[in-house]
Each structure stands twice: as C-alpha cells, then as structure tokens.
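Letter by letter, the chains look like this.
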Amino acid sequence: MKLRVGGTIAAALVVAVAITGGTAAAKVSKCGTVTLNEQAWAGSTANTYVVKNVLEKSLGCKVNISKVAEVPVYQAMADGKTDAILEDWGHVPQWNQYVTKQKTVVRAGANGVTGVIGWYVPTYLVQQHPELKVWTGLKKDATLFKSPESGSQGMFLGGDPSYQQKDKTLITALGLNLKFVSVGAEPAQVARWESLYKQKKPVLFYWYDPQYLNATYKLTQVKLPARFKGCQDDEKQGGDPKKYACAYPSYTLLKFMSKKFATSGSPAVGVVKRFSWSNADQNTVAGMIAGQHINPDQAAQKWIAANKAKVDKWLGK
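Residues numbered from 1 in each chain as written. Predicted model: local features only at pLDDT ≥ 70, side-chain atom pairs only at ≥ 80, totals over all residues. Heavy atoms only, no water.

Looking at empty space enclosed by the protein
A water-sized probe, rolled over the atoms, reveals where empty space remains.
Consideration 1: Here the structure, examined in full by the defined rule, presents one cavity of 30 Å³ or more.
Consideration 2: Each pocket or cavity is described by its volume, and for the largest cavity that value is around 100 Å³.
Consideration 3: What lines the largest cavity is simply W41, E70, W89, I117, Y163, Q164, Y206 and Y208.
Consideration 4: Grouping the constituent residues of the lining of the largest cavity by class yields six nonpolar, one polar and one charged. (1 Å grid on protein atoms, 1.4 Å probe; cavity = no way out; pocket = protein on both sides within 12 Å on 5 of 7 lines; lining within 4 Å. Points joined across faces, edges and corners; volume = space filled by probe spheres on them. Nonpolar A, V, L, I, M, F, W, Y, C, P; charged D, E, K, R; others polar.)

The following block contains the structure:
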C-alpha cells in the first residue's frame, strides 16, 4: 500500500512537471523585445540588421536598435538598456570591469570576423615612395601630407572620435612631424580621404578591415613598430606615450550580452550566440547599405535569402 501511494504521488508529480514544463516551454519560446546595439561603422550596421531580420522573421521578436558608443554601451548592457552588441574591437578594460568583476555582461562568442586596425596610405603613393611601407619612411616624408589644418606639419587623418584609438599619442611616441586631425564620424572621414584619393594626392589615415571600401580602393597598410609586452592601444587610458609605440593588434571580433538578457530564456539568446559570418559576408551587406544606399532591412533580407544554410545554423536547425 505504501508503494502504491508512492507510485500515485510520483505519477502526479510527473503530470505536474509535464504541465508546468509545457507552460515554461511556451514562455521560453516567446521572444519578446530585443534591443541590439548598432555601432558607428558600416560593418556593425550590417551585423545588426541581419540579426534583427532573422529574429523578426523567424522568431517573431520585436527588435529595437540602440546607438550607444563603443565604451558607454557596456554600462547600457549592465543597466539592461541594451541586450547585445554583435561586434567588439578589443575593449579589455570594459571586459575586466563588466564581465569579470561586476558580472553584469557576458561573452557571447566570436562573430567570425577578424578585425585589423592601422595606418593606411593609397597604394599609388607607395609606388612613388616605397619607403612609406614602413613607419620610418614618415620621418622623411611627413610634409607630403600637409593640409590646411596641419600647417607646416603633415596631416594624420584620425578616425571617428567614438572609436578606440591611440594615434595622437603614437605620433608623439614615434617623434613624427605629423598633426592629428579629426573631421568627425566615419562618413566625414571617408569623404575626406576618398576625395584626396580620387585626386591622386597623398593622404595618411586611420583605417581598418573589414570595410567594404577596401574592395574599391587600393590601400597599403603602413608597418608600425612591433607589439611588445604591455603595449597599449586606448590613449584615453593615459600614461607614458612610449607604452603606445607599437602596432594595433589583430582582433577576433566578439559579441557580448547583458546578463539580464543572457538569462532571460528568450530564443533570441541562442541566435546571438550562434551568429557568425565572414569578413566577406559582412562587407557584402555593408556595401549594399553604405555603398549602394539600399535600405538596411532590405539589404539584410537579400543576404538572408541567399544564405539560408548559414541562417539555419544560427537558428539551431
């Protein structure tokens, strides 16, 4: 009799678990609202809109897009105002603070893209001045890059002010006769060096890959001093300029999520974790958006339609 009662209780428990489990599963399967953060470069826009459209069309999510700069976005994730970023370019101090210490932000893996940052010049200029393949050539040729803003010095055209950079400090550390000049966000910087390129004039500037324009223009990366132990890359951290006298690293670009989102049970979490594509994939979508001026959602949908196998992997199929 005791065993029979026990069996009845166990059966009841199984039924209860099945019922509540079904309810939980239904709750988990509901996506709800997801906020993805779009950064101030074309590749980030490509990432964001492709994932946005996958979440909306395949999971029925409502997706909002925030536009918080690279460093403040970590606080936004910690506060639960932004759920995820799909491309981070090596913000180690923020990883230490928000991921390791506070545990309010979690890693979501690599996005499949390898990032490179550096100093670039047009290839036609290197053909005329081969010494510019290496930074030491700038000691001799700095005045080639003179502009109205730089006076008697050569102009170094900096990147978007919201990006992590060290170029002003690096110029000082290397003792170069260059003046750091910022003209604003990425579109303004591109317009400036693109104009000089089309006129076949000298220009030296902060640049990176992946970037869809790299398929249009022939650019050469200037070889900077080798990296060393303790080499720093974010001049906002301050300190001895000599600590910045090295090349930027190559980056395995990573994704991050707020802890709140990561533990929410939303099926969107799995898609963000599994999202991964190549430099070429990103450049294709970024080229449609920024180069051909196609609506970001339409560009994303066009790529998704042509890459069903990759998207199915993100969806866990």
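Here's the deal with the confidence of the model for the protein chain
Consideration 1: This prediction gives the protein chain a mean pLDDT of 90; 91% of its residues lie at or above 70.
Consideration 2: pLDDT under 50 marks residues 1-28. Its contacts with residues more than four places away, or in other chains, come to four contacts. (pLDDT = per-residue confidence, 0-100. Contact = heavy atoms within 4.5 Å.)

Focus on the state of the cysteines
Consideration 1: With the rule as written, the count across this model stands at two disulfides.
Consideration 2: The disulfide partner of C31 is C61, and the gap between their sulfur atoms is 1.9 Å. Residues C31 and C61 share a disulfide whose torsion about the S-S bond is about 95°; that sign makes it right-handed. You can see C31 sitting in the loop between α1 (2-29) and β1 (33-37) and its partner C61 sitting in the loop between α2 (42-59) and β2 (62-66), a full 30 residues away along the chain. The two residues C31 and C61 agree in class, both being buried.
Consideration 3: The partner cysteine of C231 in its disulfide is C246, sulfur to sulfur 1.6 Å. Note on the C231 and C246 pair: the S-S dihedral is about 70°, so by sign convention the disulfide is right-handed. Within this pair, whereas C231 is found in the loop between β8 (219-222) and β9 (250-258), its partner C246 is found in the loop between β8 and β9, the two being separated by 15 residues in sequence.
Consideration 4: According to the relative accessible area criterion, C246 is buried, its value standing at 0%.
Consideration 5: Taken in N- to C-terminal order, the disulfide-linked cysteines of the protein chain are connected 1-2, 3-4. (Disulfide = S-S within 2.5 Å. Helix = DSSP H or I, 4+ residues; strand = E, 2+ residues; numbered from the N terminus. Buried < 20%, exposed > 50% of the residue type's maximum accessible area, 1.4 Å probe, protein only.)

Some details on the nonpolar core
Consideration 1: Counting 80 residues, the largest nonpolar core has W119 and W193 as its most contacted members.
Consideration 2: For W193, the contacting residues outside a window of four places in its chain are L157, V203, F205, W207, L213, Y217 and L219.
Consideration 3: In this structure, V73, Y98, V105 and F256 belong to the second largest nonpolar core, which totals 10 residues. (Core = buried A, V, L, I, M, F, W, Y, C linked by side-chain atoms within 4.5 Å.)

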